[in-house]
Amino acid sequence: MIPSGDDYFWLGKMGKYLMNHMFYGPQATYGGSSNGRYLGNLLEIVTMHKLPVAILAYGIFWTLLLWCIWYLSKKTITSLLLSFLFIFTMQDAFINNILGWNAGFVNYVPPVVMGLIYIIVVDKGVANKFVPIVSILLLLLGLAGGLFNEVWNITQLALGLLVLGYSYWKKDLKSYHITYFLGTIGSALIMFTHKGYHEVSTYRKTSYTLSTIWDTYSKVTHFWLITFNLILLIAILLAIFVLAIKTKISSENKLAVSIFAVVFLIYYIVINNFFRNNFHLNPMYGYKTVRASIAVPESLVSIALMIFIGYCIWVFFRDDPKMWLYYLLTGVIAGQLLFVSSPVNSRGYFLSYILMYLIGMKFVLSALDQLPIKNYLVNLVLIVTLIVCGYTYQSIMYANYHANLIRVSDPDYYNGKKELTKHVPYVKFVWFNDLMNQQNAPYWKNHIDTYKHFLK
């Protein structure tokens, strides 16, 4: 991974100052970095100073994320392979802001892993009795999970409340349901009593004006939430079509669901191609200007798709509480972000994407069960796809790293005499599309000196 932008901020004197002052500093100097992301900020600083810790953190949390996706699915070889393929279904904005950027990774991957672990514990607890220490551990999990970013902090409150309400309704309330929820409340209090949120911010702005909310949703955020997730949309819609044809549902549902699935499928393939050919994406993977005549109908279709998927959950999986939980939490995350007018970026929607992928896994695995195809053939195709995709991504990261190493090895650059002039080959794998003024010459000088010493 090539660090960029905020990574160097947290590595240097600014990050050290904030760490020594409980991540609080004057707005004019520190802006959005003066915040209550205590664990996210700390992990960012440690991983930028200690490469072995960065490697372990990246490997452990990605592995845990894929393990959680697999565990919450059928725990079969097919579901394992589909879990591994998760990373290769991600749209470019998520690759750029999460996979290829340390600051994005440390603030958005660990907390959702903690939330998924809680869902696994709740699911497992339906048929098992846990020792009392689990209640204490889940209290700590709730406390820790919300101290990485604001969006998940509020979302895990909703998660805890939904589980609490459902368990109470089912007359199966457990002590750890209560302690986790208390942990999420404590986490919210710790984060949002931070002084940085109670000053006039130069970075964060919210709006409760309906016209502003709709303008942001229609012209920017719905693309990250729905439209650009093309691979996942194709998989879900094809699976819904198969289920509509193969399962025993009413003829009215069979006809309506299959027709809508095909219409949405064709629409999203066409609209993605249209936007790629007619509009220019900025380095943050958002369209700078989209005419209302295009943006409004497109966003309305996205809302219709969300309603349609909810209806399909009702038709095919109405008795699966986890499916409804994922669906509702996706709405909670998106609902919070509707009120944000600045900063607007794709990172917050990565959390929704993980939940959408879990919904997609259920549809796809159920559809595969309905098809007259041997499991070993499906798995063989998935394995080949995984090898090809894995090799491609590893080659990209390798090429970028060595291209970057060459360009930053120029003494005139790392001694501050000139700026970088060449991009790495695959810019979407470096934050902000490898905007060159987001690199840091002193960091690379130290890196090169260490590298040369290692070679000796």
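Fair warning: this is a prediction, and the values are worked out from it, not measured in the lab. (Residues numbered from 1 in each chain as written. Predicted model: local features only at pLDDT ≥ 70, side-chain atom pairs only at ≥ 80, totals over all residues. Heavy atoms only, no water.)

A. Representation of the overall build of the chain. Each helix and strand counted, the chain has 21 helices and 2 strands in total. Its C-alpha atoms give the chain a radius of gyration of 23 Å, within 12% of the compact-globule value 23 Å for 456 residues. Projected onto the principal axes, the alpha-carbon positions of the chain cover approximately 75 × 50 × 50 Å. A buried classification covers 51% of the 456 residues belonging to the chain. Counting contacts in the chain only where the partners sit at least 6 residues apart, residues at least 24 apart contribute 77% of the total. Taken as a whole, the chain presents about 21,900 Å² of accessible surface, with 69% of it coming from carbon and sulfur. Treating the 34 positive side-chain charges of the chain as one cloud and the 19 negative ones as another, the clouds have centres 4 Å apart. (Helix = DSSP H or I, 4+ residues; strand = E, 2+ residues; numbered from the N terminus. Rg over C-alpha atoms; globule rule 2.2 N^0.38 Å. Buried < 20%, exposed > 50% of the residue type's maximum accessible area, 1.4 Å probe, protein only. Contact = heavy atoms within 4.5 Å. Areas by Shrake-Rupley, 256 points an atom, 1.4 Å probe, with all protein chains shown as cover. Lys, Arg positive; Asp, Glu negative; His and termini not counted. Charge placed at Lys NZ, Arg CZ, Asp CG, Glu CD.)

B. Layout of the environment of Asp-92. Positionally, Asp-92 belongs in helix H7 (residues 92-99). Each C-alpha atom of the pair Asp-92 and Trp-224 lies 9.7 Å from the other, and the pair is 132 residues apart in sequence. Setting aside anything within four residues of it in sequence, one finds Asp-92 in contact with Tyr-285 and Lys-428. Polar side-chain contacts of Asp-92 include one of 2.8 Å to the side chain of Lys-428. (Polar contact = N/O pair within 3.5 Å; in protein donor to acceptor, adjacent residues only side chain to side chain.)

C. Here's a closer look at helix H12 (residues 210-227). Compared with an ideal rise of 1.5 Å per residue, which puts 18 residues at 26 Å, H12 spans 22 Å between its outermost C-alpha atoms and falls more than 12% short. The largest bend in H12 is about 60°, located at Thr-221. Among the residues making up H12, those that are buried are Ile-213, Thr-216, Tyr-217, Ser-218, Thr-221, His-222, Phe-223, Trp-224, Leu-225, Ile-226 and Thr-227. (Expected span 1.5 Å × (residues − 1). Bend = angle between axes of the 7 residues up to and from the residue.)

D. Fine view of the nonpolar core. Counting 111 residues, the largest nonpolar core has Leu-65, Phe-86, Met-90, Phe-316, Phe-350 and Phe-363 as its most contacted members. For this core, the leading source of residues is helix H17 (residues 347-370), giving 15 residues. Once residues lying within four places of it in the same chain are set aside, the contact partners of Phe-363 are Ile-236, Ala-239, Ile-240, Leu-243, Ile-309, Cys-312, Ile-313, Phe-316, Phe-317 and Met-323. (Core = buried A, V, L, I, M, F, W, Y, C linked by side-chain atoms within 4.5 Å.)

E. The packing of aromatic side chains, seen in detail. Taken as a whole and judged by the stated rule, the model has 46 aromatic pairs. Ring centres of Trp-67 and Tyr-71 lie 5.1 Å apart, and the angle between their planes is 40°; this geometry places the pair in the tilted category. Of this pair, Trp-67 and Tyr-71 both sit in helix H5 (residues 51-71), 4 residues apart, which is roughly one turn of the helix. With relative accessibility at 16%, the residue Tyr-71 sits in the buried group. Plain terms: the ring middles of Phe-86 and Tyr-357 are 5.0 Å apart, the flat faces sit at 80° to each other, and that makes the pair edge-to-face. You can see Phe-86 sitting in the loop between helix H6 (77-84) and H7 and its partner Tyr-357 sitting in helix H17, a full 271 residues away along the chain. In terms of burial, Phe-86 and Tyr-357 fall into one category: buried. By way of ring pairs, the aromatic residues Tyr-58, Trp-62, Phe-86, Phe-94, Phe-105, Phe-350, Tyr-353 and Tyr-357 are connected into one cluster. The side chain of Arg-318 reaches across the aromatic face of Trp-314, ending 4.3 Å from its centre. (Phe/Tyr/Trp six-rings, centres within 6.5 Å; stacked < 30°, edge-to-face > 60°. Lys NZ or Arg CZ within 6 Å of the ring centre and 35° of its normal.)

F. Highlighting the packing of helix H13 (residues 230-246) against H17. Following both chains from N to C, one finds H13 and H17 inclined at 35°, their axes separated by 8 Å at the closest point. Like other packed secondary-structure pairs, H13 and H17 cross with a definite hand, here left-handed. Only Tyr-353, Met-356, Tyr-357, Gly-360, Phe-363, Val-364, Ser-366, Ala-367 and Gln-370 of H17 make contact with H13, whose side of the interface consists of Leu-232, Ala-235, Ile-236, Ala-239, Ile-240, Val-242, Leu-243 and Lys-246. For the contact of H13 with H17, the class distribution of residues is 13 nonpolar, 3 polar and 1 charged. (Axes fitted to C-alpha atoms, helices over the stretch in contact; angles between N-to-C directions. Left-handed = near helix turned anticlockwise from the far one by under 90°. Nonpolar A, V, L, I, M, F, W, Y, C, P; charged D, E, K, R; others polar.)

G. The arrangement of the side chain of Thr-155 in detail. As for its placement among the helices and strands, Thr-155 is situated in helix H10 (residues 150-169). A relative accessible area of 0% means that Thr-155 is categorised as buried. A polar atom in the side chain of Thr-155 sits 2.8 Å from the backbone oxygen of Val-151. There is a polar contact of 2.8 Å between the side chain of Thr-155 and the side chain of Gln-336. Look past the residues within four positions of Thr-155 in its chain and what remains in contact with it is Leu-329, Val-332, Ile-333 and Gln-336.

H. Quick peek at the pattern of salt bridges. Counting across every chain of the model gives 10 salt bridges. Close ionic contact of Asp-434 with Arg-407 constitutes a salt bridge, the shortest N to O distance being 2.8 Å. With a gap of 27 residues between them, Asp-434 in helix H20 (residues 431-434) and Arg-407 in helix H18 (residues 375-408) connect regions that are remote in the sequence. The residues Asp-434 and Arg-407 share a single accessibility class, namely buried. The closest approach of N and O atoms between Asp-410 and Lys-418, which form a salt bridge, is 2.8 Å. (Salt bridge = Lys/Arg side-chain N within 4 Å of Asp/Glu carboxyl O.)

I. Up close: a nonpolar patch on the surface. Taken together, the side chains of Tyr-168, Leu-173, Ile-178, Leu-182, Ile-185 and Leu-189 present a nonpolar region at the surface, about 580 Å² in accessible area. Of note, Leu-173 is situated in the loop between H10 and helix H11 (175-192). (Patch = residues over 30% accessible without salt bridge, like charges linked within 9 Å, V, L, I, M, F, W, Y side chains within 5 Å.)

J. Unusual backbone geometry, seen in detail. Here the bond from Ser-342 into Pro-343 is cis, since omega is -5°, no more than 30 degrees from zero. Here Pro-343 is to be found in the loop between strand E2 (340-342) and H17. A positive phi angle, close to 60°, is found at Phe-23, a residue other than glycine. With relative accessibility at 6%, the residue Phe-23 sits in the buried group. The phi dihedral of Asp-434 falls on the positive side, at around 60°, and the residue is not glycine. Asp-434 sits in the buried class, given a relative accessible area of 0%.

K. Fine view of the environment of Asp-7. Among the secondary structure elements, Asp-7 is positioned in helix H1 (residues 6-11). Expressed as a C-alpha distance, the spacing of Asp-7 and Val-262, which sit 255 residues apart in the sequence, is 44 Å. Beyond its immediate chain neighbours, meaning those up to four positions away, Asp-7 contacts Glu-44, Met-48, Trp-101, Asn-102 and Ala-103. Side-chain polar atoms of Asp-7 contact the backbone nitrogen of Ala-103, separated by 2.9 Å.

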